[in-house]
Amino acid sequence: MNGDFNAHASIQDYYGQVLKTSADLQTSACCLAETLPTHVRDALRDVHPEVLDRFYGCGSPIPPALEGATVLDLGSGSGRDCYVLSKLVGPTGRVIGVDMTDEQLAVARKHLSWHAERIGHANVYFRAGYIEDLAAAGIADASVDLVISNCVLNLSPDKARCFAEIFRVLKPGGELYFSDVFADRRVPAPLAQAPVLLGECLGGALYVADFRRLMAQS
């Protein structure tokens, strides 16, 4: 891979400058499936339209029965899943979103008060940072019940470090739920560095065998 290539910068430009709404996507990789679990579909009714318009996930890694849980959303973007989780964890729960793109964080933070009033409690916190370095974003060891990620782990240029951070912040017995794009072989460097393919979750797709090795080492 080209040593001069900066994956973080490419992704920040794509999500901060190129994509303005989901209508700007050039592939179908990051589009959400039509059918969502009932508990997620119900919670989405209380999410602001602008937040929904700036959502670029590829699934629904949100389990039910989250009352009182502390949940961390990696690559939280405009905050859609965080606001869904806010309703599901209830007033005694807590939701933390971490994202590296200022424009996405601005949208998410813009609607904090709107969602608190709509849902009935304020329990969402957004932090700027990289998912490979959650300590710098203030996420302590063994402090989170659940980690979720919606089509974001593929964007990380250092997936081994990312998974190591996930397991560091999870409490004993904590769980990871994520939706992502995988490949049946390693993606060639020219494709992995193409801005559109990388930004839309294809260029950084994790080779299935490498994923298995990462999990065995964790």
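Preceding this paragraph is the structure being described.
A brief look at the structure comes next. Chains are numbered independently. Their residues run from 1 in the order of the written sequence. Given that the model is predicted, a residue must reach a pLDDT of at least 70 before its local features are reported, and side-chain atom pairs must reach 80 or more before they are shown or counted; all residues, however, enter totals for whole chains, interfaces and linings. Water and hydrogen atoms play no part in the side-chain values, which are based on all heavy atoms of the structure.

On to empty space enclosed by the protein. The definitions used throughout rest on a 1 Å grid laid over the protein atoms alone, on which a cavity is an enclosed set of points accommodating a 1.4 Å probe that cannot get out and a pocket is an open set flanked by protein within 12 Å on both sides along at least five of seven lines; lining residues are those having an atom within 4 Å of a point. Grid points are joined across faces, edges and corners, and a volume is the space filled by probe spheres set on the points. Summed over the entire model, instances satisfying the criterion amount to 2 cavities of 30 Å³ or more. Taken as a whole, the largest cavity encloses approximately 360 Å³ of empty space. Lining the largest cavity we find 29 residues, and of these Gly75, Gly77, Asp99, Val152 and Leu155 sit closest to its centre. Each helix corresponds to a stretch of at least 4 residues labelled H or I by DSSP, and each strand to a stretch of at least 2 residues labelled E; elements are numbered beginning at the N terminus. Breaking the lining of the largest cavity down by element, the ones donating at least two residues are helix 1 (7-18), helix 4 (80-89) and strand 2 (94-99). In terms of residue count, helix 1 provides more of the lining of the largest cavity than any other element does, 3 residues in total.

Here the nonpolar core consists of buried residues drawn from Ala, Val, Leu, Ile, Met, Phe, Trp, Tyr and Cys, with membership extended through side-chain atoms lying within 4.5 Å. Note on exposure labels: buried denotes an accessible area under 20% of the residue type's maximum, exposed denotes more than 50%, and partly exposed covers the range between, all computed with a 1.4 Å probe on protein chains only. Core analysis: the largest hydrophobic core is formed by 24 residues, its most contacted members being Ile62, Leu66, Val71, Val84, Leu85 and Phe126. Contributing elements (two or more residues each) for this core: helix 2 (38-44), helix 4, helix 5 (102-110), strand 3 (124-128) and strand 4 (144-150). A per-element tally of this core places helix 4 first, with 6 residues. Contact criterion: two residues are considered in contact whenever any of their non-hydrogen atoms come within 4.5 Å of each other. In contact with leucine 66, not counting residues within four places along its chain, are Leu85, Leu88, Val89 and Leu146. With 20 residues, the next largest nonpolar core counts Leu74, Val147, Val169 and Leu170 among its residues.

A separate point is the environment of tyrosine 56. Within the fold, tyrosine 56 resides in the loop between helix 3 (49-53) and strand 1 (70-74). Using a relative accessible area of 6% as the deciding quantity, one classes tyrosine 56 as buried. Residues tyrosine 56 and asparagine 150, spaced 94 residues apart in sequence, show a C-alpha to C-alpha distance of 8.4 Å. What qualifies as a polar contact is a pair of N or O atoms within 3.5 Å, subject to a donor-acceptor requirement within protein and to the restriction that residues adjacent in sequence count only when both atoms come from side chains. Engagement of the side chain of tyrosine 56 in a polar contact is seen with the side chain of arginine 54, the distance being 3.3 Å.

In this scheme Phe, Tyr and Trp rings, the latter by its six-membered ring, pair at centre separations within 6.5 Å, and the angle between planes marks the pair as stacked below 30 degrees, edge-to-face above 60, and tilted otherwise. Under the criterion given, the structure shown has 6 aromatic pairs. On the numbers, 5.7 Å between centres and 70° between planes, the contact of tyrosine 83 with phenylalanine 126 is edge-to-face. Taken together, the residues tyrosine 83 in helix 4 and phenylalanine 126 in strand 3 connect sequence positions 43 residues apart. Between phenylalanine 178 and phenylalanine 182, the aromatic rings sit 6.3 Å apart at their centres with planes inclined by 45°, giving tilted as the arrangement. The class of phenylalanine 178 is partly exposed, set by a relative accessible area of 24%. The structure contains a cluster of three or more aromatic residues connected by ring pairs, namely Phe163, Phe178, Phe182 and Phe211. Against the face of phenylalanine 55 rests arginine 80, its NZ or CZ located 3.7 Å from the ring centre. Each ring is checked for a lysine NZ or an arginine CZ that lies within 6 Å of its centre and within 35 degrees of its normal; such an atom marks a charge sitting over the ring. Here the basic side chain of arginine 94 rests over the ring of tyrosine 125, its NZ or CZ set 4.9 Å away from the ring centre.

Following both chains from N to C, one finds helix 7 (residues 159-169) and helix 10 (residues 208-217) inclined at 40°, their axes separated by 10 Å at the closest point. In this view, helix 7 runs oblique relative to helix 10, as classed from their interaxial angle. Helix 10 is crossed by helix 7, and the crossing has right-handed handedness. Residue-level inspection shows Lys159, Ala160, Phe163 and Phe167 of helix 7 in contact with helix 10, the latter providing Phe211, Leu214 and Met215. Across the contact of helix 7 with helix 10, the residue classes tally to 6 nonpolar, no polar and 1 charged. In this analysis, axes come from line fits to C-alpha atoms, helices being fitted only over the stretch in contact, and the angle between any two N-to-C directions falls in the range 0 to 180 degrees. The cut-offs work like this: below 35 degrees is roughly parallel, past 145 is roughly antiparallel, 65 to 115 is roughly perpendicular, and the gaps in between are oblique. Two helices crossing with the near one rotated counterclockwise from the far one by less than a right angle form a left-handed crossing, whereas a clockwise rotation gives a right-handed crossing. Polarity classes work like this: nonpolar for Ala, Val, Leu, Ile, Met, Phe, Trp, Tyr, Cys and Pro, charged for Asp, Glu, Lys and Arg, and polar for all others, with Gly in that last group.

In contact at an axis separation of 11 Å, helix 4 and helix 6 (residues 112-119) are set at 30° when each is read in the N-to-C sense. Our classification of the angle between helix 4 and helix 6 gives roughly parallel. Pair helix 4 / helix 6 crosses with right-handed handedness. From helix 4, Tyr83, Ser86 and Lys87 reach across to helix 6, where they touch Leu112, His115 and Ile119.

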